[in-house]
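Coordinate analysis (summary)
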Amino acid sequence: MNIYEAIPVVEGERFKLRAVESEDCDDLLHVYSDKKALPFFNSDNCDGDNFYYATRERMQEALDFWKMSYENGWFARLSIVDKSLSSAIGTIELCVRVSEDAFNNMGILRIDVRSDYEKESMLYDIIALIVPQISELLGCDGILTKAPIYAVERIEALQKAGFTKSEHLLIGKTGFAYDGYWTRH
């Protein structure tokens, strides 16, 4: 299955992953206006967007951009729904990296969650849901995700899921080198 033909619904005991919907706006506003969550969002190579959206209008603009980006085959955004709350508590972004660095043809996995979900057990549950799907969805050689050194619980979840810290820097489109990437092949 190609993610640009259809975004799958992936469901586990606690979380459900599905395409972002415009009805998620208010839920996602709680995520992207959460200043405690902001340091964990990966905005590398995102043209200066830090993913802090403090108003409903700004969140809706982001949702519109994500929809347009999906339609153009740039990346796919999935909502992370906490089934016990029937509420979106974050998003996953997926795309394939085309580059001349060590991460060429790797699937990029971005996970943004509210700060109260930045816990090893919850992050692991989310990672364990999506990681087995990525290779088939993106047709990539491996998976790449960011976890800065202070993201202790995120790093624990990634290690538990079989990721290892990369010794390579990710070279951005402007030539800037980014650190803190973890990979799984």
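Refer to the structure above for everything that follows.
The following paragraphs examine the structure supplied in this document.

1. Here's the deal with the overall build of the protein chain
- Along the backbone of the protein chain there are four helices and ten strands.
- When the elements of the protein chain are put in sequence order from the N terminus, they spell out β-β-α-α-β-β-β-α-β-α-β-β-β-β.
- Expected size for 185 residues packed as a compact globule is a radius of gyration near 16 Å; at 15 Å, the protein chain falls within 12% of this value.
- In the protein chain, of all internal contacts separated by at least 6 residues, the share reaching a separation of at least 24 is 62%.
- As displayed, the protein chain has an accessible area near 9100 Å², and 50% of this comes from carbon and sulfur atoms.
- Charge-centre separation for the protein chain: the mean point of 20 positive side chains lies 3 Å from the mean point of 31 negative side chains.

2. Examining the packing of aromatic side chains
- Taken as a whole, this structure holds eleven aromatic pairs when the rule is applied.
- Taking the centre distance of 5.6 Å and the plane angle of 65° together, the rings of Tyr 32 and Trp 66 count as edge-to-face. Note that Tyr 32 is positioned in helix H1 (residues 25-32) and Trp 66 in helix H2 (residues 56-71), a separation of 34 residues in sequence. Like Tyr 32, the residue Trp 66 is buried in the burial classification.
- Relative to Tyr 150, the ring of Phe 40 lies with its centre 5.8 Å away and its plane at 65°, an arrangement referred to as edge-to-face. Residue Phe 40 is located in the loop between H1 and H2, and its partner Tyr 150 is located in the loop between strand E6 (143-146) and helix H4 (152-160); the two are separated by 110 residues in the primary sequence.
- Looking at Tyr 150, the relative accessible area reads 47%, which means it is partly exposed.
- The cationic tip of Arg 77 hangs over the ring face of Trp 66; the distance from NZ or CZ to the ring centre is 4.1 Å.

3. Examining the sheet that holds strand E3 (residues 76-82)
- Read from one edge of the open sheet, eight strands run E1-E2-E3-E4-E5-E6-E10-E7, paired in mixed fashion. The strands lining the two open edges of the sheet, one partner per strand, are strand E1 (10-11) and strand E7 (164-165).
- Looking at chain direction, strand E4 (residues 87-96) and strand E5 (residues 107-113) are connected through seven bridges and run antiparallel. Within E5, the residue paired with Glu 93 across the bridge is Arg 110.
- The strands touched by H4 within the sheet are E5, E6 and strand E10 (181-184), with E10 carrying the most contacts at an inclination of about 15°.

4. Re helix H3 (residues 120-138)
- The terminal C-alpha atoms of H3, which comprises 19 residues, lie 26 Å apart, in line with the 27 Å expected from a rise of 1.5 Å per residue.
- Along H3, the positions that sit buried rather than exposed are Glu 120, Met 122, Leu 123, Ile 126, Ile 127, Leu 129, Ile 130, Val 131, Ile 134, Leu 137 and Leu 138.

5. A look at the nonpolar core
- Within the largest apolar cluster, 34 residues are counted, with the highest numbers of intra-cluster contacts made by Ile 80, Ile 92, Leu 94, Leu 109, Ile 111, Ile 130 and Ile 134.
- Looking at this core, the elements that each hand over two or more residues are strand E2 (15-19), E3, E4, E5, H3 and H4.
- It is H3 that provides the largest number of residues to this core, a total of ten residues.
- Discounting chain neighbours no more than four positions away, the residues touching Ile 111 are Phe 40, Ile 80, Thr 91, Ile 92, Leu 123, Ile 126, Ile 127 and Arg 154.

6. Some details on the environment of Val 9
- Note on placement: Val 9 falls in the segment before E1.
- Its relative accessible area of 56% is what places Val 9 among the exposed residues.
- A C-alpha to C-alpha distance of 35 Å links Val 9 and Phe 176, two positions 167 residues apart in sequence.
- Excluding residues that lie within four positions of it along the chain, Val 9 makes contacts with Lys 16, Leu 17 and Arg 18.

7. Considering the environment of Asn 42
- Tracing the backbone shows Asn 42 in the loop between H1 and H2.
- Under the relative-accessibility criterion, Asn 42 is labelled buried at 9%.
- Residues Asn 42 and Thr 145, spaced 103 residues apart in sequence, show a C-alpha to C-alpha distance of 8.5 Å.
- Beyond its immediate stretch of four places on either side in the chain, Asn 42 contacts Phe 51, Arg 110, Asp 112, Lys 146 and Tyr 181.

Reading guide: rules and limits
Residues numbered from 1 in each chain as written. Predicted model: local features only at pLDDT ≥ 70, side-chain atom pairs only at ≥ 80, totals over all residues. Heavy atoms only, no water. Helix = DSSP H or I, 4+ residues; strand = E, 2+ residues; numbered from the N terminus. Rg over C-alpha atoms; globule rule 2.2 N^0.38 Å. Contact = heavy atoms within 4.5 Å. Areas by Shrake-Rupley, 256 points an atom, 1.4 Å probe, with all protein chains shown as cover. Lys, Arg positive; Asp, Glu negative; His and termini not counted. Charge placed at Lys NZ, Arg CZ, Asp CG, Glu CD. Phe/Tyr/Trp six-rings, centres within 6.5 Å; stacked < 30°, edge-to-face > 60°. Buried < 20%, exposed > 50% of the residue type's maximum accessible area, 1.4 Å probe, protein only. Lys NZ or Arg CZ within 6 Å of the ring centre and 35° of its normal. Pairing = 2+ DSSP bridges. Axes fitted to C-alpha atoms, helices over the stretch in contact; angles between N-to-C directions. Expected span 1.5 Å × (residues − 1). Core = buried A, V, L, I, M, F, W, Y, C linked by side-chain atoms within 4.5 Å.

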